[in-house]
Every structure is written in structure tokens, then in C-alpha cells.
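Notes for the structure review
One letter stands for each residue in the lines below.
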Amino acid sequence: MIDNPYSGAPDHAFWSRAVANLAPDDIRPAVQPGFAIAPTDRVATAGSCFAQHISRALTARGYDYLVTETGPEVQGYGVFPARFGNIYCARQLLQLFQRAYGLFAPYEGAWRTRDGRVVDPFRPRAHPGGFADAAQMQDDRATHLAAVRRMFETMDVFVFTLGLTEGWVSARDGAVFPLAPGVAGGPDDADHIRPHNFTVQQTVDDLTALIDMARALRPDLRVLLTVSPVPLKATFEDRHVLVSTGYSKAVLRAAAGMVCDALDRVDYFPSYEIVTGLQAGSGLWAADLRTVTPTGVNRVMAELARAYLDQADTPARTAAPAASAPRPPADDQHAALAQVICDEEAIEP
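Remember, it's a predicted structure, so these values are computed and weren't measured experimentally.

This part takes up the overall build of the chain. From N to C terminus, the chain includes 9 helices and 10 strands. Within the chain, buried positions represent 50% of all 349 residues. Summarising the internal contacts of the chain: among those between residues at least 6 apart in sequence, 75% fall at separations of at least 24. For the chain, the accessible surface area stands at approximately 15900 Å², while carbon and sulfur atoms represent 53% of it.

Structural data, given as C-alpha cells:
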């Protein structure tokens, strides 16, 4: 008689022991983290709207959240390490690195808004109100890309929150844009910019290439991947937005898992499962069924802290720190939990 292969498996491997009959706050899905994050680690984040909650949680706990492009908060500085806005898909992130280091020079120039202002097509809402002209935008872009380089060259931990598979891509050179032309500005002729739904393999390849490039600069870089639980605002596919959301999140979750399995010091953190799983219970979604409430955000951040922050030792640094984000009072942090900058909100007329 052969042995039951599940005999001796830990409690977290069984639904009856790890999920059923437990209160949602007592469920601990982030088991066996592959690394720790110390208060002295320079942590950079990027990704969808939900990524901003992670940066705020780190800052609130006194961690060294890395900011390399500084300026007034009302102009979008400090939301992410550099003012790149939301990065929804892996190809967009990979191209940000490539543009910063001169490895990719897109054909696309400046876009114009309906009132004649100029925006950067790769971050059309990062600079509120746009720019007066293309020269001003190009100067700001040069400053921005220098800050992106400082981020990649000084960060110890990189947290990337995958948000979407649907993107808008140029047929001329493959450039990816965070928003469709016409949402927040656009070129005079947008026929070459077309919708594209990224696959699992494309997402895996893009993430792997980005991590390889980043580790050429920071060999000891630790990467934490997570998937945003926030549904799509809209879909360009000819199907219900609920179905497109299910497809997109399934692709991103599968791709993140494949990359984590293939690469050392790359972990997956289950933000998506904590908020959307059967165990989640009530009170985690606002009335629009798209906004995660402070209760939901706090549950995710409590698990992140338990798994990655609370048991961290302080490693030696390998380079001088870059500028860190200012730390607001605790009351302001709590009030800000439900307020995030989300480029995708501009989609719906």
C-alpha cells in the first residue's frame, strides 16, 4: 500500500485547516516568504493604482520608500519613486527601463490635449494640466528618465503590482501606452495605435527581461510581484467587462507565478487572493464594487507586514541612498488609504 502523498503536509496546504472556519483576518496566505524587507532597504514600487497602497504602508511603518524624482505633491511627485504614473502591464515597465537607458527610442513624440496643451504619451496624466509646448515636455522627460535610472541603480527591493493585460500599442515600433489616444490627449493621426491583449507568455517574457536588466545593475535585487485585485474600468474586447476582468487577472496571476518559480529572489505576494478570495467576507469593496475599502487595504498590508517586514534583519547597503519620500502624520496616512491616483479613471466619459 503506497503512502498518501498529502500525509505530513503543513496545515496551510489544506482548505479545511487554512481557510474554513477561520476568521478572514486570521488567514495567512503568504507562507514561506523567500526574503525579508528591512527598514533600511530602499524599496521602490511601480504598477497599477493599487501599488500606491503598498508605498504608503511602507512609509507609514518608517521604511525607506525610495523617491528619486522630487517636487510638490500636488504635481504628482512622490506617488511613485519617479513620476511615471501608473504602469499597468509588464511591457510598459520593460520599455520604461529601455527608454531610460537609450535602448529604445520610440517614434511617438508629444501628444496634444483638446485645449492645446502637450502631454507625454508614456505618462499623459503624470504632469497635471500638461505642458505648454513639446520642448518643455522633452526637458521634463529627460529629468524624469534620469530619476528612473537612479531608481534602478539604487533600489534594494522592487515591488511591482500587475494590473492589466489590455494595452494600446503602436504598430510602428511596438511602443506601449498607458492610455488609449483620445483619453488624455493623442496624436493627430492615431491609426497606428491599436489595442492589444497581452498573453501569459508575453507577460512572462517581459517580466523576465526586465528583472534580468535590473539585476545587471543591482545583482542582489529582490523582487516582489503582486496582482491588483481592482477590476478593469473598461474593456476594448467585445465581451462583458466582468469576463475581461477574469481573463486579465488569470493571465497576470499565472505569469507572476511562472516568473517566481523560474527566478531566485522573486516572490509572489497574494494581494489579489486576500481581497477577492471566497474567504474575504464583506466590507472590502466600496459601493462601486471596484474600489478596495480601507478595511481591505489594511488586511492586505497587515499580511505584507507579517510576512516580509516584521521578521526582517538589516542587510548591509551597497550604495549611497537616494532621496526618500517625506513621511506624513499617521492620521493623514489613514485618510489617504482610499485615495489613489489612477490613470484608468479617465477612460469613462
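Let's shift gears to the nonpolar core. Counting residues in each nonpolar core, the largest one holds 43 residues, and the members touching the most others are F84, F158, F160 and L225. The set of elements that each furnish at least two residues to this core consists of β1 (42–47), α3 (90–100), α4 (134–154), β5 (157–162), α5 (200–217), β9 (222–227), α6 (241–262) and β10 (266–269). Looking at which element gives the most residues to this core, the answer is α3, with 6 residues. Residues within four places of F158 in sequence aside, it is in contact with A44, T45, A46, L93, M151, L210, L221, R222, V223 and L224. Within the second largest apolar cluster, 27 residues are counted, among which are A30, V43, V230 and V292.

On to the packing of aromatic side chains, then. The final tally for this structure, using the stated rule, is 10 aromatic pairs. Ring geometry for F97 against F152: centres 4.8 Å apart, planes inclined by 75°, an arrangement best described as edge-to-face. Of this pair, F97 sits in helix α3 while F152 sits in helix α4, and the two are 55 residues apart along the sequence. Taken as a pair, F97 and F152 share a single burial class, namely buried. On the basis of an interplanar angle of 50° and a centroid distance of 6.3 Å, the ring pair of F152 and F158 is categorised as tilted. The class of F158 is buried, set by a relative accessible area of 2%.

The next subject is the packing of α5 against α6. At their nearest, the axes of α5 and α6 sit 9 Å apart, and the two run at 45° to each other. Compared by their axis directions, α5 and α6 come out oblique. Of the two elements, α5 crosses α6, and the hand of that crossing is right-handed. Contacts between α5 and α6 pair V200, Q201, T203, V204, L207, T208 and I211 from the former with V251, L252, A254, A255, M258 and V259 from the latter. Across the contact of α5 with α6, the residue classes tally to 10 nonpolar, 3 polar and no charged.

A word on the packing of α3 against α5. At a minimum axis separation of 8 Å, α3 and α5 run at an interaxial angle of 30°. Between α3 and α5, the crossing angle belongs to the class labelled roughly parallel. By crossing handedness, the relation of α3 to α5 is classed as left-handed. Residues A90, R91, L93, L94, F97 and Q98 of α3 pack against Q202, T203, D206, L207, A209, L210, M213, A214 and L217 of α5. Partitioning the contact of α3 with α5 into residue classes produces 10 nonpolar, 3 polar and 2 charged.

Side chains that are three or four residues apart share a direction in an α-helix, a result of its 3.6 residues per turn. Taken across its 10 residues, helix α2 (residues 51–60) has 8 buried, putting it largely inside the fold. Within the sequence span of α2, burial applies to A51, Q52, H53, I54, S55, A57, L58 and T59. The first or second residue beyond α2 is G62, which carries a positive phi of 85°.

On the secondary structure map, R222 appears in strand β9. Given a relative accessible area of 13%, R222 falls into the buried group. Polar side-chain contacts of R222 include one of 2.9 Å to the side chain of D41.

A word on the sheet that holds strand β2 (residues 64–65). Taken in spatial order, the 5 strands of this open sheet run β2-β1-β5-β9-β10, and their pairing is parallel. Of all the strands in the sheet, just β2 and β10 have a single pairing partner and so form its edges. Sheet topology places β1 next to β2; 2 bridges connect them, and they run parallel. Bridging from a neighbouring strand, V43 pairs with Y65 of β2. Packing of helix α8 (residues 294–309) onto the sheet brings it into contact with β9 and β10, and relative to β10 it is tilted by some 145°.

Moving on, we come to the pattern of salt bridges. On inspection of all chains with the given rule, the structure shows 12 salt bridges. The closest approach of N and O atoms between D156 and R218, which form a salt bridge, is 2.8 Å. With a gap of 62 residues between them, D156 in the loop between α4 and β5 and R218 in the loop between α5 and β9 connect regions that are remote in the sequence. Overall, the relative accessible area of 9% leaves R218 in the buried class. Here E303 makes a salt bridge to R306, at a shortest N to O gap of 2.7 Å. Within this pair, E303 and its partner R306 are both found in helix α8, separated by 3 residues, close to a single helical turn. Take E303: its relative accessible area is 4%, and that puts it in the buried class. Salt bridges sharing partners connect three or more residues here, namely R83, D120, R123, D140 and R141.

Rules used in this analysis
- Residues numbered from 1 in each chain as written.
- Predicted model: local features only at pLDDT ≥ 70, side-chain atom pairs only at ≥ 80, totals over all residues.
- Heavy atoms only, no water.
- Helix = DSSP H or I, 4+ residues; strand = E, 2+ residues; numbered from the N terminus.
- Buried < 20%, exposed > 50% of the residue type's maximum accessible area, 1.4 Å probe, protein only.
- Contact = heavy atoms within 4.5 Å.
- Areas by Shrake-Rupley, 256 points an atom, 1.4 Å probe, with all protein chains shown as cover.
- Core = buried A, V, L, I, M, F, W, Y, C linked by side-chain atoms within 4.5 Å.
- Phe/Tyr/Trp six-rings, centres within 6.5 Å; stacked < 30°, edge-to-face > 60°.
- Axes fitted to C-alpha atoms, helices over the stretch in contact; angles between N-to-C directions.
- Parallel < 35°, antiparallel > 145°, perpendicular 65-115°, else oblique.
- Left-handed = near helix turned anticlockwise from the far one by under 90°.
- Nonpolar A, V, L, I, M, F, W, Y, C, P; charged D, E, K, R; others polar.
- Polar contact = N/O pair within 3.5 Å; in protein donor to acceptor, adjacent residues only side chain to side chain.
- Pairing = 2+ DSSP bridges.
- Salt bridge = Lys/Arg side-chain N within 4 Å of Asp/Glu carboxyl O.

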